[in-house]
Amino acid sequence: MDPDSTDSDSSVDFEIDTEPAFVLDDLVDSDSTPGSGSADSEFIPSNPGTNPMEHTFDPSLPSQHSYLGTDLTVLYGRTVLDEDDSNWIPLYPQVDVVLVPGQTLPLAIFNASYIQMIRQVISGNRTFGTICMLRKTPGSDELSHADVGTTAEIYEAHESASHHAIRVKAIGRQRFKILETTDHTSGFLTARVRILPEVKLPDPLSMMSCPVLDRFRTKANIGASTKRKHNLRLYDSISSIWPAWVYDQYDPERLVKQMLEILSCHKAVSPIPTDPVALSYWVARSLPIKDSRRLVLLRMNSAIDRLRWEIFTLNKLSLLCCRQCGQHVAHQQDVFSMSVEGMQGTYCNVYGYVYETVTIHKATGLRLQNAPPSTEFSWFPGYAWTVAACSRCRKHMGWHFTATSPDMKPRGFWGLCRRALEAKLEEVESTE
């Protein structure tokens, strides 16, 4: 997908803060162009009465990243670095991307220094570090790297000698904290990092449990009713200065249940994890939040802490707005999954720029490019993309995807860049 870069002298009517790649000459307000359709209303299925959330699309296709080509070599094995140990690893810096454990990272690399880095990584343990480059001030070109990141393990790769490029697919593995950095002789950055531990906190009531009730507790742990488990916790809390509801806020089972209830309004095309650690990372890579807030989650060493933070955030946020001008774009419940990886996926375009993209079935306040939809480098096979921008500030927001086959459902949806969105609390009118 390549609709996102522009020269300063071209007749483009919205701003995209990426490296210049090619010129888009015909970007206009779609709601003022005959035949282009309106981007300021929800997508309406071509067949009246069709459910816009009905799926015939294979959600496993986006996770395969077939747009990178079919000639990538599969690399086998798994590298696990010891927790709390320090290791020297090469770093791959990225703007507007915060990799989370379990998140797929597709890359098309053209820089000679980083091609050399990837060669060395593949010949070694196939692991490198990813760090987010943060702007010191909004809109500034002055960058500094975050203090935490995530290791990425390459599982597919191919180097094209004719195009002087290397394409890889990697997956986020372990969180780390940067201790010191140095420049490698080949021109890339390396760092000594400490692998952050994944701490599993014990049940805070376990030290105060009543031994007399142990015979009931065994049955509760193998599938008794939720009510019985709750009653046991009430009895255990009698010897504590705190009531049971305080301990319930740190009960991973209750946190998972609470999170799944919040997520029930979103259409998921694959099972949502129920393991607290896996669920906390799944939500972390699906939340359309700022880099700085996502880094807060990376610094947390416990799934309980992450789930509590995520539940608090999801309960507060309901609107998705343009980050630059604040115009309302969508509601949180408009987000849905087009991929088995969740409601947000990571993709790269033909020029190697990486986007974390949220899929939304209904949006407002957007303009479309006045050009036929393109299937070139499409992240969703069977769909053609059209560039979308904010109708107020003309900032690049993402793309609208249209099915190329009449049998494909949904017939259309939006893919909006996480870096272009800001989640906000919906204002409620006072009744006073």
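Per an unreviewed UniProt entry, the recorded name for the chain is Protein cereblon, and the organism is Thrips palmi. Of the chain, the UniProt comment under Pathway (unreviewed entry) reads exactly: "Protein modification; protein ubiquitination."

## Topic: the state of the cysteines
In total, this model carries zero disulfides according to the counting rule given. Take C321: it sits in no disulfide, and the sulfur closest to it among the cysteines is that of C322, at 8.5 Å. Note on C325: no disulfide assigned, nearest cysteine sulfur contributed by C390 at a separation of 3.5 Å.

## Quick look at helix α6 (residues 252-263)
The terminal C-alpha atoms of α6 lie 16 Å apart, and with twelve residues this matches the ideal 16 Å at 1.5 Å per residue to within 8%. For α6, the complete set of buried residues consists of L255, V256, M259, I262 and L263. Projected down its long axis, α6 carries its buried residues within an arc of 125°, all on one side. On the buried face of α6, the contacting elements are α7 (276-284) and α9 (303-316).

## Observations regarding the sheet that holds strand β13 (residues 383-390)
Pairing is antiparallel across the open sheet formed by six strands, whose spatial order is β10-β11-β15-β14-β13-β12. With one partner strand each, in any of the chains shown, β10 (344-348) and β12 (366-368) form the two edges of the open sheet. Along the sheet, successive strands turn relative to each other by an average axial angle of 35°, direction set aside. The pairing of strand β11 (residues 354-360) with strand β15 (residues 412-417) spans four bridges and is antiparallel. By the bridge assignment for β15, V358 is matched with L416.

## Notes on the nonpolar core
The tendency in soluble globular proteins is for nonpolar side chains to be buried as a group. Ranked by internal contacts, the top residues of the largest apolar core, which has 84 residues, are F128, F380, Y383 and M397. In terms of residues, this core owes the most to one element, α7, which gives six residues. Excluding residues that lie within four positions of it along the chain, M397 makes contacts with C322, V329, L366, A388, A389, C390, G415, L416, C417, A420 and L421. Within the second largest apolar cluster, eleven residues are counted, among which are L91, M133, F176 and A191.

## Quick notes on the pattern of salt bridges
According to the stated counting rule, one finds 17 salt bridges in the structure shown. Across the pair D84 and R194 runs a salt bridge whose closest N-O atoms are separated by 2.8 Å. Here R194 lies in strand β7 (residues 189-195) and D84 lies in the loop between β1 (73-74) and β2 (86-95), a separation of 110 residues in the sequence. Assessed through its relative accessible area of 27%, R194 is described here as partly exposed. Where E422 meets K290, a salt bridge forms, and the shortest distance between an N and an O atom there is 3.5 Å. Here E422, found in strand β16 (residues 421-424), pairs with K290, found in the loop between α7 and α8 (291-299); they are 132 residues apart in sequence, far enough to count as distant. Of the residues examined, K290 reaches a relative accessible area of 30% and is grouped as partly exposed. Sharing partners across several salt bridges, the network here consists of R78, R126, E153 and R173.

## Description of the sheet that holds strand β8 (residues 319-322)
With antiparallel pairing, three strands are arranged side by side in an open sheet as β9-β8-β16. Two strands in the sheet have a free side with no partner beyond their single neighbour: β9 (328-331) and β16. Here the strands of the sheet are splayed against their neighbours by 30° on average, with no regard to which way each runs. In the sheet, β8 pairs with β9 via three bridges, with the strands oriented antiparallel. Paired with L320 across the bridge in β9 is A330.

## Considerations on the pairing of β7
Side-chain direction in a regular strand flips from residue to residue, so the side chains alternate between the two faces of the sheet. Across the seven residues that make up β7, a large majority, five, are buried. The pairing of β2 with β7 spans six bridges and is classified as antiparallel. Bridge pairing in β7 links W88 to R192. Of the strand pairs in this sheet, strand β6 (residues 165-183) and β7 are connected by seven bridges, and their pairing is antiparallel. Considered in β7, the bridge of I178 is made with V193. The antiparallel pairing of β6 with β7 creates a hairpin that spans five residues between the two strands, and G187 there sits at a positive phi of about 105°.

## Here's the deal with α8
Helical geometry: 3.6 residues make up each α-helical turn, so side chains three or four residues apart lie on a common side. Regarding α8, the residues found buried are D291, R294, L295, L297 and L298. Along α8, the residues classed as buried sweep out an arc of 150° about the axis, all on the same side.

## Digging into the pairing of β8
Here β8 hands over to β9 after five residues, with G326 in that stretch at a positive phi of 85°. Across four bridges, β8 lies against β16 in antiparallel orientation. Note that in β16 the partner of L320 across the bridge is A423.

## So, the packing of α6 against α9
Relative orientation of the contacting elements α6 and α9 amounts to 30°, with a least axis distance of 10 Å. The pairing of α6 with α9 is recorded here as roughly parallel in orientation. The element α6 and its partner α9 pack so that their crossing is left-handed. When α6 is examined against α9, the residues P252, L255, V256, Q258, M259, I262 and L263 are found in contact with a partner set consisting of I304, L307, R308, E310, I311, L314 and N315.

What counts, and at which threshold
- Residues numbered from 1 in each chain as written.
- Predicted model: local features only at pLDDT ≥ 70, side-chain atom pairs only at ≥ 80, totals over all residues.
- Heavy atoms only, no water.
- UniProt positions renumbered as here; feature names shortened; annotations may be inferred.
- Disulfide = S-S within 2.5 Å.
- Helix = DSSP H or I, 4+ residues; strand = E, 2+ residues; numbered from the N terminus.
- Expected span 1.5 Å × (residues − 1).
- Buried < 20%, exposed > 50% of the residue type's maximum accessible area, 1.4 Å probe, protein only.
- Arc of directions from axis to C-beta.
- Contact = heavy atoms within 4.5 Å.
- Pairing = 2+ DSSP bridges.
- Axes fitted to C-alpha atoms, helices over the stretch in contact; angles between N-to-C directions.
- Core = buried A, V, L, I, M, F, W, Y, C linked by side-chain atoms within 4.5 Å.
- Salt bridge = Lys/Arg side-chain N within 4 Å of Asp/Glu carboxyl O.
- Parallel < 35°, antiparallel > 145°, perpendicular 65-115°, else oblique.
- Left-handed = near helix turned anticlockwise from the far one by under 90°.

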